[in-house]
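Topology and contacts: notes
Residue strings, one per chain:
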Amino acid sequence: MSERLAQSLLLGALILLPVKGVKAQAPEDPIYVKTSNGWNAAYAHGNEYAEFRVIGNSAKLQDPYHILLQKNVGMMVSFVDKKELQNDRDLLSAHAQWEVDYWHQHASRVESNNRADLIGTRKDVKVTEIRVYDNKGAQLLSYLIGLAAKDGVFAPFTFTSQKGHRSVGKRIGQLVQTCSSKTGC
């Protein structure tokens, strides 16, 4: 059996999709399976779940929601319910604006840019680059990656970095290629 097939079967079992006569509830926290080149992950919300891969052996799980990818580069896993976004027509854009609005309340200056160049032709993913500045001019760079779901947006893909870290764009491109949203039975 191929490694990818085995990992997919394991993730499916971990998500606890219903089996004949057995009722199970999806786990609340993301689940990670160590692979030879990083981690495979699944994050359930109700009847849906997101799958993604964290590529590279340098990644270290801090807790189910935070991953240290390398020095000064991290990842946070979350889900935002569409009720929070107040826009049923374009959840991905509403999610990005929701995050930018949050930072406007907590920073001296905020800049954002849609990074369509990082998603290819996909319509179920949106990448937004967000630069946040404090009153002394220090900068935090985030790449907010939203994955569309029926009830909201999976955002297991928020990367943060200090001042223009060069390897972040490559990692985001890799992550976008591996992520998907699925509905259970």
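For the structure itself, look to the data block above.
Residues numbered from 1 in each chain as written. Predicted model: local features only at pLDDT ≥ 70, side-chain atom pairs only at ≥ 80, totals over all residues. Heavy atoms only, no water.

Things to note about helix 3 (residues 91-106)
For helix 3, with 16 residues, the first-to-last C-alpha span of 23 Å sits near the 22 Å given by 1.5 Å per residue. Leu91, Leu92, Ala94, His95, Ala96, Glu99 and Val100 are the residues of helix 3 that are buried. (Helix = DSSP H or I, 4+ residues; strand = E, 2+ residues; numbered from the N terminus. Expected span 1.5 Å × (residues − 1). Buried < 20%, exposed > 50% of the residue type's maximum accessible area, 1.4 Å probe, protein only.)

Some remarks on the nonpolar core
In this structure, Phe52, Met75, Val127, Phe159 and Ile172 are the most contacted members of the largest nonpolar core, which totals 30 residues. It is strand 10 (residues 139-149) that provides the largest number of residues to this core, a total of 5 residues. With 7 residues, the next largest nonpolar core counts Val100, Ala107, Val132 and Leu144 among its residues. (Core = buried A, V, L, I, M, F, W, Y, C linked by side-chain atoms within 4.5 Å.)

Here's the deal with the pattern of salt bridges
According to the stated counting rule, one finds 5 salt bridges in the structure shown. The closest approach of N and O atoms between Arg115 and Glu129, which form a salt bridge, is 2.8 Å. With a gap of 14 residues between them, Arg115 in the loop between strand 8 (109-114) and strand 9 (125-133) and Glu129 in strand 9 connect regions that are remote in the sequence. Of the two residues, Arg115 and Glu129, neither departs from the other in class, the shared state being buried. Here Arg122 makes a salt bridge to Asp124, at a shortest N to O gap of 2.8 Å. When its relative accessible area of 23% is taken as the criterion, Arg122 is described as partly exposed. What makes Asp124 partly exposed here is its relative accessible area of 29%. (Salt bridge = Lys/Arg side-chain N within 4 Å of Asp/Glu carboxyl O.)

Description of the pairing of strand 6 (residues 73-76)
Pairing geometry for strand 5 (residues 66-70) and strand 6, over 4 bridges, is antiparallel. Paired with His66 across the bridge in strand 6 is Met76. Here strand 5 folds back onto strand 6 in antiparallel fashion, the turn holding 2 residues, of which Asn72 has a positive phi close to 70 degrees. (Pairing = 2+ DSSP bridges.)

A look at the packing of aromatic side chains
Within the structure shown, the criterion is met by 5 aromatic pairs. Ring geometry for Tyr43 against Tyr65: centres 6.1 Å apart, planes inclined by 80 degrees, an arrangement best described as edge-to-face. With a gap of 22 residues between them, Tyr43 in strand 2 (residues 38-45) and Tyr65 in the loop between strand 4 (60-63) and strand 5 connect regions that are remote in the sequence. Classification of Tyr65 as partly exposed rests on a relative accessible area of 24%. Centre to centre, the rings of Phe79 and Phe154 are 4.9 Å apart; their planes meet at 70 degrees, and the pair counts as edge-to-face. In this pair, Phe79 is assigned in strand 7 (residues 79-81) and Phe154 in strand 11 (residues 152-162), connecting sequence segments 75 residues apart. Judged on exposure class, the residue Phe79 and its partner Phe154 are both buried. What links up through ring pairs into an aromatic cluster is the set Tyr43, Tyr65, Phe79 and Phe154. Sitting over the ring of Tyr133, Arg109 keeps its end group 3.8 Å from the ring centre. (Phe/Tyr/Trp six-rings, centres within 6.5 Å; stacked < 30°, edge-to-face > 60°. Lys NZ or Arg CZ within 6 Å of the ring centre and 35° of its normal.)

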